[in-house]
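Summary of structural features
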Amino acid sequence: MSRLRRRLIVVAGAFALSGTLVVATANAVVVKRTDDRITDDPDALPHAQVALVPGSWVMPDGRLGAVVQQRVDAAVALYRAGTVDKVLVSGDNRTHAYNEPDAMRDAVLRAGVPPEDVFTDYAGRSTWHTMRRAREVFRVENAIVVTQDFHVARAVDLGRAAGMDVRGLAVGDANRLRVSAREVLARVRGFGEATLRPEVLLGPEIPITGDGRASWAKP
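Here goes a summary of the coordinates provided. Quick caveat: nothing in here was measured; it's all calculated off a predicted structure.

Here is what the cut-offs are and how they apply
- Residues numbered from 1 in each chain as written.
- Predicted model: local features only at pLDDT ≥ 70, side-chain atom pairs only at ≥ 80, totals over all residues.
- Heavy atoms only, no water.
- Core = buried A, V, L, I, M, F, W, Y, C linked by side-chain atoms within 4.5 Å.
- Buried < 20%, exposed > 50% of the residue type's maximum accessible area, 1.4 Å probe, protein only.
- Helix = DSSP H or I, 4+ residues; strand = E, 2+ residues; numbered from the N terminus.
- Contact = heavy atoms within 4.5 Å.
- Salt bridge = Lys/Arg side-chain N within 4 Å of Asp/Glu carboxyl O.
- Polar contact = N/O pair within 3.5 Å; in protein donor to acceptor, adjacent residues only side chain to side chain.
- Axes fitted to C-alpha atoms, helices over the stretch in contact; angles between N-to-C directions.
- Parallel < 35°, antiparallel > 145°, perpendicular 65-115°, else oblique.
- Left-handed = near helix turned anticlockwise from the far one by under 90°.
- Nonpolar A, V, L, I, M, F, W, Y, C, P; charged D, E, K, R; others polar.

1. Quick word on the nonpolar core
The biggest cluster of nonpolar side chains holds 26 residues, and the ones touching the most others in it are L64, V72, L78, V108, I144, V146 and L169. Counting only elements with at least two residues in this core, the list comes to strand 2 (48-54), helix 2 (66-81), strand 3 (84-90), helix 3 (100-110) and strand 5 (142-147). It is helix 2 that contributes the most residues to this core, 7 residues altogether. Once you skip the residues sitting within four places of it in the chain, V72 turns out to touch V53, L64, M104, A107 and V108. Grouped together as the second largest cluster of nonpolar side chains are 25 residues, V50, L88, F138 and V166 included.

Okay, structure coming up:
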């Protein structure tokens, strides 16, 4: 039993070491290949077709959570500065009771962005879905993805894997202690998605060069 126990400990240790190496390698690759495309200075960004805003939690009454509010505010500022021509909000709307895209769109409209320049993606269930659909459904060629610093490297990496020329604007820092461990693991999944490029739910094309209202869900 003692010999068997030692063998089990060795095997478990080998698995743990392998897992640690996979996580560390995936994180290092994602950060390294996006580092020169990310900034927290809006004035350092080149012009792009669209500010791409990934979704996050919204309240039942339609108010934005703190994370997505930071993203929307920064995207509106890019639009006002002329850095982007359009705003594309992408989030989760898998049930009738929860609708991130419409809440985000309404906040952008309240900020004064013309409705024809605001696009909604109702199937952005993950960062990869958001990026792949931006390219295939909305025909985006170049974009600035607006998100928090903990998330921006993965978002930019997946945007490039989807076939877009993507820059990242890091806004805010959210709750670093709460999100850091989760994002470390999320980058492993993101690295796999960027490598394998799995298919996602698409649909009719709604070119970003057109009228954003064509992408809005009917009441």
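2. A look at helix 4 (residues 127-136)
An α-helical segment advances 3.6 residues per turn. Residues three or four places apart therefore align on the same side. In terms of burial, helix 4 is largely enclosed, as 8 of its 10 residues are buried. Buried within helix 4 we find T127, W128, T130, M131, R132, R133, A134 and R135.

3. Details of the side chain of H151
Take H151: it is sitting in helix 5 (residues 149-161). Its relative accessible area of 5% is what places H151 among the buried residues. Not counting residues within four places of it along the chain, the set of residues in contact with H151 comprises P54, R71, T127 and E183.

4. Overview of the pattern of salt bridges
Enumeration according to the criterion identifies 14 salt bridges in this entry. With a shortest N-O distance of 2.8 Å, D165 and R37 are connected by a salt bridge. In this pair, D165 is assigned in strand 6 (residues 165-170) and R37 in the loop between helix 1 (2-32) and strand 1 (38-39), connecting sequence segments 128 residues apart. Residue classification places R37 among the buried positions, given a relative accessible area of 17%. Each of R132, E136, R139 and E199 takes part in one network of salt bridges that share partners.

5. Regarding the side chain of T120
Mapped onto the elements of the fold, T120 is located in strand 4 (residues 118-121). Take T120: its relative accessible area is 2%, and that puts it in the buried class. Reaching out from T120, the side chain makes a polar contact with the backbone oxygen of S215 at a distance of 2.9 Å. Other than its neighbours up to four places away in sequence, T120 contacts L88, V89, P101, R105, F138, S215 and W216.

6. Considering the packing of helix 4 against helix 5
Between helix 4 and helix 5, whose axes approach to 9 Å, the crossing angle comes to 40°. Judged by the angle between their axes, helix 4 and helix 5 are oblique. Crossing angle aside, the handedness with which helix 4 passes helix 5 is right-handed. On helix 5, the residues that touch T127, W128 and M131 of helix 4 are H151, R154, A155, L158, G159 and A161. In the contact of helix 4 with helix 5, the residues fall into 5 nonpolar, 3 polar and 1 charged.

7. A few points about unusual backbone geometry
Phi angles above zero are rare outside glycine, and R139 is one such case at about 55°. Judged by relative accessible area, R139 falls into the partly exposed class, the value being 30%. Although it is not a glycine, R197 adopts a positive phi angle of roughly 50°. Here R197 is to be found in the segment after helix 6 (176-196). Residue R197 is classed as partly exposed on the basis of its relative accessible area, which comes to 47%.

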